[in-house]
Amino acid sequence: MNGTGLTALAAALAIALSTIGPALGQGKAAAAALDGMARQPEMAGTLRTGMILALALMEALAIYGLLIAFMLVAKV
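Residues numbered from 1 in each chain as written. Predicted model: local features only at pLDDT ≥ 70, side-chain atom pairs only at ≥ 80, totals over all residues. Heavy atoms only, no water.

Visitor: Whenever I open this one, the pattern of salt bridges confuses me. Can you help?
Guide: A side chain of one charge can pair with a side chain of the opposite charge if their charged atoms are brought near each other. Overall, the coordinates contain one salt bridge when judged by the stated rule. Among the salt bridges present, the one from Arg 39 reaches Asp 35, with a minimum N-O distance of 3.2 Å. Taken together, the residues span about one helical turn, with Arg 39 and Asp 35 both in helix α1 (residues 3-39) at a distance of four residues. Of the residues examined, Arg 39 reaches a relative accessible area of 65% and is grouped as exposed. (Salt bridge = Lys/Arg side-chain N within 4 Å of Asp/Glu carboxyl O. Helix = DSSP H or I, 4+ residues; strand = E, 2+ residues; numbered from the N terminus. Buried < 20%, exposed > 50% of the residue type's maximum accessible area, 1.4 Å probe, protein only.)

Visitor: Looking at this model, I keep getting lost on the packing of α1 against helix α2 (residues 44-74). Mind explaining?
Guide: Relative orientation and spacing of two packed helices are given, respectively, by the angle between their axes and the distance between those axes. The contact between α1 and α2 brings their axes to 8 Å, and the two run at 175°. Judged by the inter-axis angle, α1 sits roughly antiparallel to α2. The residue makeup of the contact of α1 with α2, split by class, is 21 nonpolar, seven polar and two charged. (Axes fitted to C-alpha atoms, helices over the stretch in contact; angles between N-to-C directions. Parallel < 35°, antiparallel > 145°, perpendicular 65-115°, else oblique. Nonpolar A, V, L, I, M, F, W, Y, C, P; charged D, E, K, R; others polar.)

Visitor: Mind showing me how you'd approach α2 here?
Guide: Side chains three or four residues apart in an α-helix point the same way, a direct result of the helix having 3.6 residues per turn. Its 31 residues place the ends of α2 44 Å apart at the C-alpha level, agreeing with the 45 Å of an ideal helix rising 1.5 Å per residue. Within the sequence span of α2, burial applies to Ala 44, Met 51, Met 58, Ala 62, Gly 65 and Ala 69. Each element contacted by the buried residues of α2 is listed here: α1. (Expected span 1.5 Å × (residues − 1). Contact = heavy atoms within 4.5 Å.)

Visitor: What should I look at first to understand α1 in this one?
Guide: In a regular helix each residue adds 1.5 Å, so 37 residues correspond to 54 Å; α1 covers 55 Å between its end C-alpha atoms and thus fits that length. The inward-facing, buried residues of α1 abut α2.

Okay, here's the thing in structure tokens:
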């Protein structure tokens, strides 16, 4: 395997591994927030705001992986 193939493999691994953790975290966070909204509907606005902020911070981790993949591909 040449350097181009290894770089492409590294980029694929970077994006794949950087999305697994945030995806699992977002699923758990959304489930917990929806459970809280179902138990206390009057707190739905507060929970929704906190959930959206937490999801945005988790999504930043996946975007960093995408950035690293783009940087690796740009070296080819």
